[in-house]
Amino acid sequence: MAIRFTQVHGTTYLNEITVEIHDEDFSGDSTGLTFTDNGLIEKSEGEYLDLIKTTNYKCSIFLDSEETLTFFDDLIEADEGRFHLVVYRDTTLLFKGRIIVDSMTKTDELNPILEFHAIDGLTLLKKR
C-alpha cells in the first residue's frame, strides 16, 4: 500500500500532526494536501471508563490540484477498503482507519471541498 498524500496538518504542544492517505492501487510519489480550517476532526465514542473506544476522523480538503481531483474520481469508483487514513503525532501512530466512500461529500463552488470520514477497525466490528 503506497502513500498517495502526506501533509503535516499542524502542531500540538510542539508535536507535529502528520496525515497520510494510503492507496492500495497507487504507485508513485506522494503529494501534499490543502486542509480547510477544520480539516481534521477526531471523534471518539465510548464512556469514560470503557476499556475499548471507537475512533473516527472527519477530513476536509480543498480540491485544488489535478492530484486531488483525480483522488476524488478514484474515491467514487473505489472498492471499500482501498483507501486508508493514517495520523501520526511525530512518529507515534495515533490512528489508522478505512476511508468510507459512502460518507464523502463535495461542495459545489468555485473552490470545491471534499469531506470524508475514516473509521477504525473497532467501529467496523461494532457495526456488525
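These notes cover the structure that comes with them.

Basis of the calculations
- Residues numbered from 1 in each chain as written.
- Predicted model: local features only at pLDDT ≥ 70, side-chain atom pairs only at ≥ 80, totals over all residues.
- Heavy atoms only, no water.
- Helix = DSSP H or I, 4+ residues; strand = E, 2+ residues; numbered from the N terminus.
- Buried < 20%, exposed > 50% of the residue type's maximum accessible area, 1.4 Å probe, protein only.
- Expected span 1.5 Å × (residues − 1).
- Arc of directions from axis to C-beta.
- Pairing = 2+ DSSP bridges.
- Salt bridge = Lys/Arg side-chain N within 4 Å of Asp/Glu carboxyl O.
- Phe/Tyr/Trp six-rings, centres within 6.5 Å; stacked < 30°, edge-to-face > 60°.

Below, the discussion takes up unusual backbone geometry. Here D90, not a glycine, exhibits a phi torsion of approximately 55 degrees, which is positive. Here D90 lies in the loop between β5 (83-89) and β6 (92-106). Taking the relative accessible area as the measure of exposure, D90 reaches 39% and is therefore partly exposed.

The first and last C-alpha atoms of helix α1 (residues 66-77) sit 17 Å apart over 12 residues, in line with the 16 Å expected at 1.5 Å per residue. Among the residues making up α1, those that are buried are T68, F71, F72, D74 and L75. Each buried residue of α1 sits inside an arc of 165 degrees when the element is viewed along its axis, so together they form one side. In α1, those exposed residues whose orientation departs by more than 90 degrees from the buried face are E66 and E77.

The buried count for strand β7 (residues 113-119) comes to 5 of 7 residues, which makes it a mostly enclosed element. The pairing of strand β4 (residues 54-62) with β7 spans 7 bridges and is antiparallel. Counted as the bridge partner of K58 is H117 from β7. Of the strand pairs in this sheet, β6 and β7 are connected by 5 bridges, and their pairing is antiparallel. By the bridge assignment for β7, R98 is matched with I119.

Here we take up the pattern of salt bridges. Counted according to the given criterion, the structure contains 6 salt bridges. When the shortest N-O distance is used, the salt bridge between R82 and D25 registers 3.4 Å. A residue pair is termed long-range when its members are at least 10 positions apart, and R82 in the loop between α1 and β5 and D25 in the loop between β2 (15-23) and β3 (35-45) qualify at 57 residues. Since its relative accessible area comes to 16%, R82 is described here as buried. On the accessibility criterion, D25 (56% relative accessible area) is exposed. One salt bridge connects E115 with K58, and the closest N-O pair in it is separated by 3.8 Å. Pair noted here: E115 is in strand β7 and K58 is in strand β4, with a separation of 57 residues, a long-range link. On the basis of relative accessible area, E115 is assigned to the partly exposed category, the value being 28%. What emerges from the salt-bridge pattern is a single network uniting R4, D23, D25, D74 and R82.

Another point: the packing of aromatic side chains. Scanning the model with the defined rule gives 4 aromatic pairs in all. Judged by centre distance (5.2 Å) and plane angle (70 degrees), the rings of F5 and F71 are edge-to-face. Here F71 lies in helix α1 and F5 lies in strand β1 (residues 2-12), a separation of 66 residues in the sequence. Residue F5 is classed as buried on the basis of its relative accessible area of 1%.

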